[in-house]
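Coordinate analysis (summary)
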There are 2 protein chains.
Amino acid sequence: MPSKPSGDPSTKNEEWLRVGRQLSFALYGAANRVIRLHRPFLEPLGLTYPQFLVMLALYEDAPRSVGDLGLVLGMDTGTLTPLLKRLQTAGLVTRTRDSADERRVLIDLTDAGRALREEACSVPGKIETACRLTHAQAAELRDTLNGLARPRKGEAESSSDQQTEGEAS
Amino acid sequence: MPSKPSGDPSTKNEEWLRVGRQLSFALYGAANRVIRLHRPFLEPLGLTYPQFLVMLALYEDAPRSVGDLGLVLGMDTGTLTPLLKRLQTAGLVTRTRDSADERRVLIDLTDAGRALREEACSVPGKIETACRLTHAQAAELRDTLNGLARPRKGEAESSSDQQTEGEAS
DNA sequence: AGCAATTATATCGTTCACGATATAATAAGG
DNA sequence: CCTTATTATATCGTGAACGATATAATTGCT
């Protein structure tokens, strides 16, 4: 690995400091582009990308609590609560208090939400095609990304022990 | 590659439809986590991650136009103009019309902006450490991501021919 | 039983991603 | 020279990421 200057970009080997050479920036850009790829497919469904993720999570298992959705999708309640309210306003989900524990809000699908299932579930295939990676390449990249920037063991985990945010192979 | 159902998630092999199995979601999650990793380092500098990217781009080459920054960073003017105004308000950059072509706004660094250079440029090294990848792994992943979800040849390119948004090895 | 600690969600404020649209300046063509 | 086309940036509105903070409900301990 090229020698890395300690905070002095004017020395040799500062190439790695260029914006375009950074993994973080590559991630940032790729994420924006991939989300953008979804728009033409999601717009007819009246969904944004994060809303689409919520719907997919509910198609897997509904009802589920706000907290559970947060764990599965890696979103905090500041993001989720307004998002779920918009989905509720759109008539795609219901939000009700769990009678077993009234701190929890349960999110379930409506008939209109279920009606989107087939079309919503056809989107990932279209995106994979648009990404122009082989399935093996996509799977490998996905697994690398899912492991990236995770808290260390012993640090507070953001994922429960069920198959959650970013599944390994 | 496993057979892919055409829009029917209830068939076999729907595993790939789970949110956690999707490359898009892995990208989305990884990008958010990596940006979050930057915060402790950027907050003392009074910068957000997109602002940090702009500063890095200016350390490479300043002054540059809003459009040029947009190309280099993959941001559109709806994102850049308010961001640059905030950096100007913070006293880190100047925004002036190019006398050669008054449609263009030139962005340059102030003394205060230049004063952040060393500290700002030390951040990527810290992030790479926090990502716990070897340099080779990071470089390979970066190059894969930089190539992801790009327009095809012949489609409108979002990058100019200079080394721009997402550099290859 | 009562109180403190913990948990779950909600709200607030700020930043930004982006499509649509508007304005201003320059380039091109007749 | 004048008009049209193109380019560069700005504004607007909406959705969302997230840290800080608040409220309500449950759990645990004495």
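Here goes a summary of the coordinates provided. (Residues numbered from 1 in each chain as written. Chains lettered and ligands numbered in written order. Predicted model: local features only at pLDDT ≥ 70, side-chain atom pairs only at ≥ 80, totals over all residues. Heavy atoms only, no water.)

**Overview of the protein's contact with DNA strand C**
The environment of DNA strand C is formed by 27 residues, the closest being Gly67, Thr81 and Arg95 of chain A together with Thr48 and Arg86 of chain B. What you see for DNA strand C is that sugar and phosphate hold 80% of its atoms within 4 Å of the protein. With respect to DNA strand C, the side chain of Lys85 of chain A contributes an N or O atom lying 2.7 Å from a phosphate oxygen. Between DNA strand C and the protein, one listed contact pairs a phosphate oxygen with a backbone N or O atom of Glu102 of chain B at 3.4 Å. Of all the secondary-structure elements, those providing two or more residues to the surface near DNA strand C are helix 1 (23-42), helix 3 (66-73), helix 4 (77-89) and strand 3 (101-109) of chain A together with helix 2 (49-60), helix 4 (77-89) and strand 3 (101-109) of chain B. (Near = heavy atom within 4 Å. Polar contact = N/O pair within 3.5 Å; in protein donor to acceptor, adjacent residues only side chain to side chain. Helix = DSSP H or I, 4+ residues; strand = E, 2+ residues; numbered from the N terminus.)

**Brief notes about the interface of chain A and chain B**
It is common to report an interface's size as the accessible area lost on association of the parts. At the junction of the two partners, chain A supplies 67 residues and chain B supplies 68 residues. In this assembly, chain A packs against chain B so that about 6,200 Å² is buried in total across both faces, 63% of it on carbon and sulfur atoms. For the chain A face of the interface with chain B, the top three residues by lost area are Arg21, Tyr28 and Arg33 of chain A, together amounting to 11%. Applying the counting criterion to the chain A and chain B interface returns 14 residue pairs in polar contact (both at pLDDT 80 or more). (Contact = heavy atoms within 4.5 Å. Buried area = accessible area lost by both parts, 1.4 Å probe.)

**Observations regarding the packing of aromatic side chains**
Residues and elements named next belong to chain B. Summed over the entire model, instances satisfying the criterion amount to 6 aromatic pairs over all chains. Here the aromatic rings of Tyr49 and Phe52 are separated by 6.1 Å at their centres, their planes lie at 45°, and the arrangement is tilted. One end of the pair, Tyr49, and the other, Phe52, are both in helix 2, 3 residues apart, so they sit about a helical turn from each other. Phe52 matches Tyr49 in its accessibility class, with the two residues each being buried. (Phe/Tyr/Trp six-rings, centres within 6.5 Å; stacked < 30°, edge-to-face > 60°. Buried < 20%, exposed > 50% of the residue type's maximum accessible area, 1.4 Å probe, protein only.)

**Here's the deal with the protein's contact with DNA strand D**
In the vicinity of DNA strand D there are 27 residues, among which Thr48 and Thr79 of chain A together with Tyr28, Thr81 and Arg95 of chain B approach most closely. When the atoms of DNA strand D within 4 Å of the protein are sorted by group, sugar and phosphate make up 81%. Between Glu102 of chain A and DNA strand D, the recorded distance is 3.4 Å, taken from a backbone N or O atom to a phosphate oxygen. The contact in question runs from a phosphate oxygen of DNA strand D to an N or O atom on the side chain of Thr81 of chain B, over 2.5 Å. Breaking the surface near DNA strand D down by element, the ones donating at least two residues are helix 2 (49-60), helix 4 and strand 3 of chain A together with helix 1 (23-42), helix 3 (66-73), helix 4 and strand 3 of chain B.

**Focus on the sheet that holds strand 2 (residues 93-98) of chain A**
Residues and elements named next belong to chain A. Taking strand neighbours across the sheet as the criterion, the 3 strands line up as 1-3-2 in an open arrangement whose pairing is antiparallel. The sheet is open, and its two borders are formed by strand 1 (64-65) and strand 2, each paired with just one other strand. When strand 1 meets strand 3, the two strands line up antiparallel, connected through 2 bridges. By the bridge assignment, Ser65 is partnered in strand 3 with Leu106. Contacts between helix 4 and the sheet are confined to strand 2 and strand 3, with strand 2 contributing the most and set at about 125° to the helix. (Pairing = 2+ DSSP bridges. Axes fitted to C-alpha atoms, helices over the stretch in contact; angles between N-to-C directions.)

**Points about the environment of Glu60 of chain B**
Tracing the backbone through its elements, the reader meets Glu60 of chain B in helix 2. Taking relative accessible area as the criterion, Glu60 of chain B reaches 30% and is therefore assigned partly exposed. Excluding residues within four positions of it along the chain, Glu60 of chain B makes contact with Arg18 and Val19 of chain A. Within the structure, the side chain of Glu60 of chain B is placed 2.7 Å from the backbone nitrogen of Val19 of chain A, a separation counted as a polar contact.

**What to know about the pattern of salt bridges**
Residue and element names in this part refer to chain B. The final tally for this structure, using the stated rule, is 10 salt bridges over all chains. Arg114 is paired through a salt bridge with Asp111; the nearest N and O atoms lie 3.2 Å apart. Taken as a pair, Arg114 and Asp111 lie in helix 5 (residues 111-115) at a separation of 3 residues, close to a single helical turn. In this structure Arg114 comes out as partly exposed when scored by relative accessible area, which is 43%. When its relative accessible area of 60% is taken as the criterion, Asp111 is described as exposed. (Salt bridge = Lys/Arg side-chain N within 4 Å of Asp/Glu carboxyl O.)

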